[in-house]
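# A structural walkthrough
Spelled out from the first residue to the last, the chains are:
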4 protein chains.
Amino acid sequence: MKLNDNTAVLLLHCPDKPGILAAVTEFINQHSGNILYLDQYVNREEKVFFMRVKWDLDTFQIPKEKIQDYFQTLLASRFDMHFRLYFSDAKPRMAIFVSKMPHCLYDLLSRYAAGEWHVDIPLIISNHPDMEPVAKRFGIEYYYFPVNKDNKAEQEAKELELLKSKGITFCVLARYMQILSPEFINHYPDRIINIHHSFLPAFMGAKPYHAAHERGVKIIGATSHYVTTDLDAGPIIEQDVTRISHVDTVDVLIHKGRDLEKIVLSRAVEKHIERKTLTYKNRTVVFQ
Amino acid sequence: MKLNDNTAVLLLHCPDKPGILAAVTEFINQHSGNILYLDQYVNREEKVFFMRVKWDLDTFQIPKEKIQDYFQTLLASRFDMHFRLYFSDAKPRMAIFVSKMPHCLYDLLSRYAAGEWHVDIPLIISNHPDMEPVAKRFGIEYYYFPVNKDNKAEQEAKELELLKSKGITFCVLARYMQILSPEFINHYPDRIINIHHSFLPAFMGAKPYHAAHERGVKIIGATSHYVTTDLDAGPIIEQDVTRISHVDTVDVLIHKGRDLEKIVLSRAVEKHIERKTLTYKNRTVVFQ
Amino acid sequence: MKLNDNTAVLLLHCPDKPGILAAVTEFINQHSGNILYLDQYVNREEKVFFMRVKWDLDTFQIPKEKIQDYFQTLLASRFDMHFRLYFSDAKPRMAIFVSKMPHCLYDLLSRYAAGEWHVDIPLIISNHPDMEPVAKRFGIEYYYFPVNKDNKAEQEAKELELLKSKGITFCVLARYMQILSPEFINHYPDRIINIHHSFLPAFMGAKPYHAAHERGVKIIGATSHYVTTDLDAGPIIEQDVTRISHVDTVDVLIHKGRDLEKIVLSRAVEKHIERKTLTYKNRTVVFQ
Amino acid sequence: MKLNDNTAVLLLHCPDKPGILAAVTEFINQHSGNILYLDQYVNREEKVFFMRVKWDLDTFQIPKEKIQDYFQTLLASRFDMHFRLYFSDAKPRMAIFVSKMPHCLYDLLSRYAAGEWHVDIPLIISNHPDMEPVAKRFGIEYYYFPVNKDNKAEQEAKELELLKSKGITFCVLARYMQILSPEFINHYPDRIINIHHSFLPAFMGAKPYHAAHERGVKIIGATSHYVTTDLDAGPIIEQDVTRISHVDTVDVLIHKGRDLEKIVLSRAVEKHIERKTLTYKNRTVVFQ
């Protein structure tokens, strides 16, 4: 929660064997690092060890710029680890993609403006001009890239260039009603977060509230997930649901769904910003 | 809740037009019936009126055996109603179908034995002998009909005969792991209740917990529905969900799912027993 | 949902007796009103009838300005009704009271700016200057009334005058950390909505998250209610909860609670705007 | 889940300092124990370390009867630990206390009879004779101890003797409507589990559903907790809630509450049986 801290977060997974946990905690303790949070989990079926550890760098004796190298040499090689190391002074930089609906956009920007998140939001990208006034309210640059079948590759290329020039580290699709190409997606593996307005895998694709109404379900949901090249099939980060009844029309479902969508998306974004997510075999590990 | 009452319940639907509600309540009021509960709902898109009304028969001036006829003549014909009339002294008679898992069976029988429900349960039918000891604990007859590809039609015919001879009005599939034939199902339209161990329409068919784990969902569910000839696609009566996380194995999902399944099934059975459900175009109206 | 409609909403309660429902629906039907929504409920213990009905005025034969009088004469007197009549062209006018926390304020203003609600929000009142920039983002007037023990009566008098001059019909306390005097409250009976950051009646008063943490509860909640002169004891409109665990510090509870607070408050405000709430003996009836 | 395993569970807490986690995992790894599950949590405010670890004893080189002693000497003394060590072959032995309501009793016995839990239930104690037939269904001894003001001390003494003679390790109050004396409670610290039919700390004491209805809450709850000498104020193990509305009478609340009570109680009992609970300063740590 404290934003001015000087900390490191390490996320890793590797084949499970005895001694990993002890080795990692010793690595931090021996060099005078103060562990602030540690969460680990072993997938016994697949024999994979997962871990997130956060420690204070103020007293840590290894210089920040050498930690990656030391950890690679002393631990990652030995245990065959995949790991990512993050420092609190490198703020994630987030781009929002939006079409015409404001509810998720407002929720993201309100948290940002209120200082709830340790993140920068330098820009909003849209395939429609409608949300520009919302961007203006919050003083954020708005880029309008109309997309059609013919210009899609070209427009995405421009978007990618823009994202690169602004140092964007991850993208959030806040009800962006345009399918991204595999080429685009492959530039941001596990770094594009989408909100789908159904309880996936139920009601994939278009018009899920209409489909939910047609099927007569008693509960509707929303799902935030990392975008992969399989539509609505990427690793799920967060889901939530709300109860409905036979009296609720499609319009009521759309209305009730808005709160679900915005809260579920914001929870997922928060987990990503806090470096608490890790994907493995199209599933996520979400640390506490 | 009171079981020794002398009441009627009327469930109906018809094309919506002005005056239906007034006409039905006047029919009851004029003949000195005391309305105990009334719930109505209009589907404005399809212009259909739905209603459930329960009234006290003690002071009602139309003799019980003539109410059906009078209502048909005076109201149903006029408003083109489909209606069902139930009396509290005609207890529903329920048959339970079970295979090898006891949790739903115990939950149904415990409520029955505790006197929670206004129902009779004269028998349990199974395709396995395993649950006979549970039936015995509660003093209920247990019929074992082993079913395979070759004898299925023959065994179902025997089951139907048995159900008929015992005056069964509806069937509950309490994790019955055998698909009923369309012939069987057509004998009990909207009167066979199944529990499916997923949040339908996600994960239809076999092994939904395995599929949920594979997909990496963050919430699992259970769904009770009326059985139709489309597998797992009948009108949904009740659903509920519970949160899971990446640490939960398939075995844990199965374990957590048990409570969901039993509670969701029992809620649906209760709604059916209380004559609070009505189906329309493969959806249910569930009155309060 | 449609905002440009021409409709009336009638909310009423009266002693229960046969024929009320029929009389009210006939009153509307006879004069060619088209009922769009009707919900009724009878409290059998206390023998009180409650009803909400919404109808289209386009074809209604009684002139709008005479409906109140006709209904009083023809029905309300006869059945001893308390009723309120609302027209869709008289938009409710809402004032927001806020102190230093932005999350509820942003949620209310975002919905307003997105056009979700049929309401006007002419002003925001605060006992601190902190939220003025948020008001500016949305172009809403912000009035700063610092309150202390000595000037409270005087400041509240000014606030009341301001509210009157702006035609405010109800007030929303969006985490307003200042107790209103009985004099103030009595000007807006059932028309001041507060959000309390606990599952009332648990943890009334100050610092409910600290108290919840101290008690070791496994679930926290939020409660929106009409303000009465009894602190945190007015009629509850809406509540919701979220699961916590032993790992959650007070700061985490405060953080998790924000989403609860804003959603619960906005749901209550929406019900109020849609004229779906009615209070009776310090409880609310909330129509669907 | 597997019941025939040969495992140890260690629960501990101690002042937090670097190296505890490494020391405990090394203790198990060095002597060839295979860790099956590990969960740890640090309370940073109070600087207390909590841990639960479960390992396979089949390959563990320290003889089972010496583990307690070795762990005390090598680790507990060094880190000032409070710890408890459990072996899977020492099944917990549970006594159920009940009065007149069957729903929690049935739920506990059904799970027991279905083999869901690694526990023995040698007896049921009651202050009423009513539930004896339920005990008989499941073949469990039923002891009837009528209690009044005059004989309470005497009856409790007999109950304690009986519990001791049957080797009972913990008690479950399954809607036992009789307050236990401090003397009784002190014999089973953190080993008497109660279910209270409200969302504690709201509605402590008698008739919580009546109080909830009177207050007009929109959600009701149930709470399972360890019994202490402060009525309804012991460490909370589990809570859950369900939504209600203005139409629900006290009888409906009681009816809806039954499912809550039985599920919440059974979840708490399961956590206790699996040695996943630890109390600290009137709060519980509940491991996953």
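Residues numbered from 1 in each chain as written. Chains lettered and ligands numbered in written order. Predicted model: local features only at pLDDT ≥ 70, side-chain atom pairs only at ≥ 80, totals over all residues. Heavy atoms only, no water.

- Per an unreviewed UniProt entry, chain A goes by Formyltetrahydrofolate deformylase and derives from bioreactor metagenome.

### Let's talk about the environment of Ile220 of chain A
All names here are of chain A.
- As for its placement among the helices and strands, Ile220 is situated in strand E10 (residues 219–226).
- C-alpha separation for the pair Ile220 and His196, spaced 24 residues apart in sequence, amounts to 12 Å.
- In contact with Ile220, other than residues within four places in its own chain, are Tyr209, Ala212, Asp240, Val241, Thr242, Ile244, Leu253, Lys256, Gly257 and Leu260. (Helix = DSSP H or I, 4+ residues; strand = E, 2+ residues; numbered from the N terminus. Contact = heavy atoms within 4.5 Å.)

### Some details on the relation of the copies chain B and chain A
- With an RMSD of 0.0 Å, the fit of chain B onto chain A corresponds to turning through 180 degrees and sliding 0.0 Å along the axis. When the rotation and shift are considered jointly, the pair of chain copies conforms to a two-fold rotation axis. Residues of chain B ranked by C-alpha distance from the rotation axis are headed by Ala202 of chain B, positioned 2.2 Å from it.
- By residue overlap, the copies meet face to face through one surface: 100% of the interface positions of chain B are interface positions in chain A. (Least-squares fit on C-alpha atoms with pLDDT ≥ 70 in both.)

### Observations concerning the interface of chain B and chain D
- At the junction of the two partners, chain B supplies 21 residues and chain D supplies 20 residues.
- Counting the surface lost from both chain B and chain D, the interface buries some 2,000 Å², and carbon and sulfur atoms represent 55% of this.
- Our enumeration of links across chain B and chain D arrives at six salt bridges.
- For Asp107 of chain B, the salt bridge identified is with Lys262 of chain D, shortest N-O distance 2.6 Å.
- Inspection of the chain B/chain D interface yields nine residue pairs in polar contact (both at pLDDT 80 or more).
- Among the elements that line the side of chain B that touches chain D, the one with the most residues is helix H8 (residues 250–273) of chain B, at seven residues.
- Tallied by class, residues from the side of chain B that touches chain D come to nine nonpolar, four polar and eight charged. (Buried area = accessible area lost by both parts, 1.4 Å probe. Salt bridge = Lys/Arg side-chain N within 4 Å of Asp/Glu carboxyl O. Polar contact = N/O pair within 3.5 Å; in protein donor to acceptor, adjacent residues only side chain to side chain. Nonpolar A, V, L, I, M, F, W, Y, C, P; charged D, E, K, R; others polar.)

### A short note on the sheet that holds strand E4 (residues 82–87) of chain B
All names here are of chain B.
- The strand order E2-E3-E1-E4 describes an open sheet built from four strands, whose pairing is antiparallel. The sheet is open, and its two borders are formed by strand E2 (34–43) and E4, each paired with just one other strand. Strand-to-strand twist across the sheet, computed as the mean angle between neighbouring axes with direction ignored, equals 10 degrees.
- Across the sheet, helix H1 (residues 20–30) is in contact with strand E1 (7–15), E2 and strand E3 (48–56); its angle to E3 comes to roughly 15 degrees. (Pairing = 2+ DSSP bridges. Axes fitted to C-alpha atoms, helices over the stretch in contact; angles between N-to-C directions.)

### Things to note about the domain arrangement of chain A
All names here are of chain A.
- With domains assigned, chain A is organised as domain 1 (7–87) and domain 2 (93–286).
- The centre of domain 1, based on its C-alpha atoms, is set 31 Å off from the matching centre of domain 2.
- Summed over both sides, the interface between domain 1 and domain 2 buries roughly 970 Å², with carbon and sulfur atoms accounting for 61% of that surface.
- Linking domain 1 to domain 2 there are two salt bridges.
- Among the salt bridges present, the one from Arg283 reaches Glu46, with a minimum N-O distance of 3.0 Å.
- Linking domain 1 with domain 2 are four residue pairs in polar contact (both at pLDDT 80 or more), by the criterion used here. (Domains from an automatic or database assignment.)

### Quick word on the UniProt feature "domain: ACT" (unreviewed entry) in chain A
- The sites that carry the UniProt feature "domain: ACT" (unreviewed entry) are, in the present numbering, residues 9–87 of chain A.
- Span residues 9–87 of chain A is 34% helix and 41% strand, its end C-alpha atoms 6 Å apart. (UniProt positions renumbered as here; feature names shortened; annotations may be inferred.)

### A short note on the environment of Leu173 of chain C
All names here are of chain C.
- Relative to the helices and strands, Leu173 is located in strand E8 (residues 170–173).
- Judged by its relative accessible area of 5%, Leu173 is buried.
- Apart from the residues lying within four places of it in its own chain, the contact partners of Leu173 are Phe97, Leu180, Ile192, Ile193, Asn194, Ile195, Val227 and Leu265. (Buried < 20%, exposed > 50% of the residue type's maximum accessible area, 1.4 Å probe, protein only.)

### Concerning the nonpolar core
- Membership of the largest hydrophobic core comes to 168 residues, with the highest contact counts inside it found for Val269 of chain A, Val269 of chain B, Val269 of chain C together with Val269 of chain D.
- Other than its neighbours up to four places away in sequence, Val269 of chain A contacts Met94, Leu108, Trp117, Phe170, Val172 and Ile193 of chain A. (Core = buried A, V, L, I, M, F, W, Y, C linked by side-chain atoms within 4.5 Å.)

### Notes on the sheet that holds strand E2 (residues 34–43) of chain C
All names here are of chain C.
- Ordered by their spatial adjacency, four strands build an open sheet running E2-E3-E1-E4, and the pairing between neighbours is antiparallel. Looking at strand neighbours, the two that pair on one side only are E2 and strand E4 (82–87), the edges of this open sheet. Averaged over all neighbouring strand pairs, the angle between strand axes comes to 10 degrees, with direction disregarded.
- In the sheet, strand E1 (residues 7–15) pairs with strand E3 (residues 48–56) via nine bridges, with the strands oriented antiparallel. Bridging from a neighbouring strand, His13 pairs with Phe50 of E3.
- Helix H1 (residues 20–30) rests against E1, E2 and E3 of the sheet, and its axis sits at about 15 degrees to E3.

### Remarks on the packing of helix H1 (residues 20–30) of chain D against helix H2 (residues 64–79) of chain D
Residues and elements named next belong to chain D.
- Between H1 and H2, whose axes approach to 11 Å, the crossing angle comes to 175 degrees. By the criterion of interaxial angle, the relationship of H1 to H2 is roughly antiparallel. Between H1 and H2, the residues in contact are Ile20, Ala23, Val24 and Phe27 and Tyr70, Phe71, Leu74, Leu75, Arg78 and Phe79, respectively.
- Of the residues in the contact of H1 with H2, the class split is nine nonpolar, no polar and one charged. (Parallel < 35°, antiparallel > 145°, perpendicular 65-115°, else oblique.)

### Focus: unusual backbone geometry
- In the segment running from Leu200 of chain A into Pro201 of chain A, the intervening peptide bond is cis, with an omega of 5 degrees.
- Note on placement: Pro201 of chain A falls in the loop between strand E9 (192–196) and helix H7 (208–215).
- Not every positive phi belongs to a glycine, and Asp232 of chain C is a case in point at roughly 60 degrees.
- Residue placement: Asp232 of chain C occurs in the loop between strand E10 (219–226) and strand E11 (236–243).

### What to know about the relation of the copies chain B and chain D
- The transform that puts chain B on chain D rotates by 180 degrees and translates by 0.0 Å along the axis, for an RMSD of 0.0 Å.
- The share of interface residues of chain B whose copies in chain D are also at the interface is 95%, consistent with both copies meeting through the same surface.

### Notes on the interface of chain B and chain A
- Taken together, the contacts link 34 residues of chain B with 34 residues of chain A.
- Buried area between chain B and chain A, both sides added, is near 2,900 Å², and the carbon and sulfur share of it is 56%.
- Seen at the junction of chain B and chain A, the total is four salt bridges.
- Here Asp240 of chain B and Arg243 of chain A are joined by a salt bridge, their closest N and O atoms 3.4 Å apart.
- In this structure, the connection of chain B to chain A is made through 20 residue pairs in polar contact (both at pLDDT 80 or more).
- Among the elements of the structure, helix H7 (208–215), strand E11 (236–243) and strand E13 (283–286) of chain B are those that each provide at least two residues to the side of chain B that touches chain A.
- For the side of chain B that touches chain A, the element with the most residues is E11 of chain B, which contributes seven residues.
- In terms of residue class, the side of chain B that touches chain A is made up of 16 nonpolar, eight polar and 10 charged.

### What to know about the packing of aromatic side chains
- By the definition in use, this model includes 48 aromatic pairs over all chains.
- Taken together, Phe27, Trp55, Phe60, Phe71 and Phe83 of chain A form an aromatic cluster joined through their ring pairs.
- Across from the ring centre of Phe87 of chain C, 5.6 Å away, lies the NZ or CZ of Lys64 of chain C, which sits over that ring. (Phe/Tyr/Trp six-rings, centres within 6.5 Å; stacked < 30°, edge-to-face > 60°. Lys NZ or Arg CZ within 6 Å of the ring centre and 35° of its normal.)

### Considering the confidence of the model for chain A
- Mean pLDDT over chain A stands at 96; residues scoring 70 or higher make up 99%.
- Interface confidence for the predicted complex, expressed as ipTM, amounts to 0.95; the pTM equals 0.96. (pLDDT = per-residue confidence, 0-100.)

### Topic: helix H7 (residues 208–215) of chain D
- Taken together, the buried positions of H7 of chain D are occupied by Pro208, Tyr209, Ala212, His213 and Arg215 of chain D. In a view along the axis of H7 of chain D, the buried residues occupy a sector of 165 degrees, so they form one face of it.
- In this structure, the buried residues of H7 of chain D make contact with E11 and strand E13 (283–286) of chain C together with strand E9 (192–196), strand E10 (219–226) and helix H8 (250–273) of chain D.
- Positioned one or two residues after H7 of chain D, Gly216 of chain D has a phi angle of 75 degrees, which is positive. (Arc of directions from axis to C-beta.)

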